[in-house]
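Residue-level listing of the chains:
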Amino acid sequence: MTPESNKLLEKISQFFSNIRIGEIMTSPAIVVTPETSIKQVKNIMKIKKISGLPVVKRGLKLTGIISIEDIIKVLENGKLEDSVERWMTKDVKILYEENTLSDFMSISQKYKFGRYPVINNENKVIGIITKYDVISWLFEKLGTMYIHDDRRKKILEREEYTSRLTGELLDNKKISFDFDIDYTEIQRIGTGATKLKSFLKKKGIDEKLIRKVSISTYEAEANVVIHSESYGKIFCWDFEDSIRLLIKDYGKGIENVEMAMQEGFSTASEEVRSQGFGAGMGLPNMKRFSDKMTIISEVGKGVIIEMLFYK
Amino acid sequence: MKLSNLVKELNARILHKAKSLENIEIEYAGASDLMSDFLAFSKPNMLLITGLATPQTLTTASVIEASAILFVRGKTIPKNFLEIIEECEIPILTTDFSMYYTCAKLYQYGIKDAMETDKENRYDT
Ligand SMILES: Nc1ncnc2c1ncn2[C@@H]1O[C@H](COP(=O)(O)OP(=O)(O)OP(=O)(O)O)[C@@H](O)[C@H]1O
Ligand SMILES: [Mg+2]
């Protein structure tokens, strides 16, 4: 984090300085035992996308911590088959579950470590806390306190999405393009799709592919505005071999997805039809232009359309 | 057919120029008042003919990469959408002819169907 964002974090955290660590931490923490090999730890870090793990003995009793920095030392001077015990840091800085956010702020200022195990009074590891946990917690808190909008909270909570098409993690932080769909005006349909189109053009992506992506986005965007009764979001990831799209809303959902997928099926009103929509072609079009597509829908909760286009 | 010629033949008015009409060659066209028709069966660089003069028509034309938009029955985009029109990178025309007559005329000039339903009596494909 930059010094400025650190400062901002400190400022905001002041308002919540009495909040208990137990409320903010990630629990349970991913832990390893001293006998685990460095190689295994490396794999866990890679798969779970974490940079450090508490090392525990029986009963989750804390004996050390192993982090990326230790792994680097192993790579330089040791063997991947070595046990964690040989390389872990034994002098662990910890926090107790009843410590407060202000304790976290002072300890992290003093030591600058990335993570601190959280233990209870029996020295048992019950969680782990990083700056990231604090930020997510604050976001959620601010979201519910000031925005008073549960839907927004949902977005903030969900940092990543596991692709239903490939099982990959679609990371919020790696999004190439995103757009908020304004559902209040039917005339604004297509604003997001045209913005995405110019974005992809600037990236020099194949024209034919851009056309397929923009048409599919247009249809999905139109559906959010016309049918969902909620605002929505367009997310696009530009990967090496594919373009990935996620269009979601938080509205009424689709009652019968199979029926909705049929050409010609539409519940659009007369007014919507007079605006050129409601031919019941949108979902079939998305299917036609994308290489893979899936609809996740829950009545009363919204619709997620995920599409994949090969490059 | 050059778009500039098409303007003359249809007595069309140019609502938004965007770029030089001399350099735009029209080979295919499609006509509908349904946006999904264009989205499903379009060809890049086609002429989009419609009686639906709304901002959505412009965004539809943009995502399908149409060469030009032609409104029939003298329709124009309401003035309060001027901003959206200015942003449009595609020329927008309007003719007083009906959809039917406009299409009949253009077909005579050799402009082909973007949906390719005219293939049954075409020799050139
Ligand atoms: N985001 C959504 N939220 C709620 N219902 C939806 C949503 N998307 C689609 N539907 C339902 O699925 C039906 C079929 O959608 P589809 O896009 O295929 O056709 P349409 O939107 O009605 O017409 P067209 O897309 O041709 O303008 C819709 O009429 C609507 O009932
Ligand atoms: Mg639709």
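For the structure, check the block above.
Given the structure is predicted, the values throughout are model-derived calculations rather than measurements.

What counts and how
Every residue gets a number counted from 1 within its own chain, in the order that chain's sequence is written. Here the convention is simple: chains get letters from A, ligands get numbers from 1, in the order in which they are written. The model is predicted, so local features are restricted to residues of pLDDT at least 70 and side-chain atom pairs to those at 80 or more, both for listing and for counting; the totals for chains, interfaces and linings are taken over all residues. Computation of side-chain values: all heavy atoms of the structure, hydrogens and water removed. Note on contacts: a residue pair is in contact if any heavy atoms of the two residues lie within 4.5 Å. Throughout, buried area stands for the accessible area (probe radius 1.4 Å) lost by two parts on being put together, summed over both. Basic side-chain nitrogens of Lys or Arg form a salt bridge, by our definition, when they fall within 4 Å of a carboxyl oxygen of Asp or Glu. Identification of polar contacts relies on pairs of N or O atoms within 3.5 Å, with a donor-acceptor requirement for protein atoms, meaning one able to donate a hydrogen and the other able to accept it, and with residues adjacent in sequence counted only if both atoms are side-chain atoms. Secondary structure elements follow DSSP: runs of H or I of four or more residues count as helices, runs of E of two or more count as strands, with numbering from the N terminus. Ring geometry is summarised as follows: Phe, Tyr and Trp rings, the Trp one being its six-membered ring, pair when their centres sit within 6.5 Å, and such pairs are stacked at plane angles under 30 degrees, edge-to-face over 60 and tilted between the two. Each ring is checked for a lysine NZ or an arginine CZ that lies within 6 Å of its centre and within 35 degrees of its normal; such an atom marks a charge sitting over the ring.

Draft legend 1. Main features of the interface of chain B and chain A. The interface is formed by 22 residues belonging to chain B together with 25 residues belonging to chain A. Around 1,900 Å² of area is buried between chain B and chain A when both sides are counted, 57% of it from carbon and sulfur atoms. Of all residues in chain B, B:Leu39, B:Gln56 and B:Val63 bury the most surface against chain A, accounting for 31% of the area lost on that side. At the boundary of chain B and chain A, one finds three salt bridges. Between B:Glu65 and A:Lys201 there is a salt bridge, and its shortest N-O distance comes to 3.1 Å. Viewed at the interface, chain A and chain B are joined by 13 residue pairs in polar contact (both at pLDDT 80 or more). The set of elements that each furnish at least two residues to the side of chain B that touches chain A consists of α2 (35–41) and α3 (55–63) of chain B.

Draft legend 2. Examining the packing of aromatic side chains more closely. Going through the model one piece at a time under the given rule, you end up with eight aromatic pairs over all chains. Note on A:Tyr111 and A:Phe113: the rings are 6.1 Å apart at their centroids and 5° apart in plane angle, and the pair reads as stacked. Ring pairing ties together the aromatic residues A:Phe104, A:Tyr111, A:Phe113 and A:Tyr116, which thus form one cluster. Over the ring of B:Tyr28 we find B:Lys43; its NZ or CZ atom is 4.9 Å from the centre of that ring.

Interpretation note: all reported values are geometric properties and have no functional meaning in isolation.
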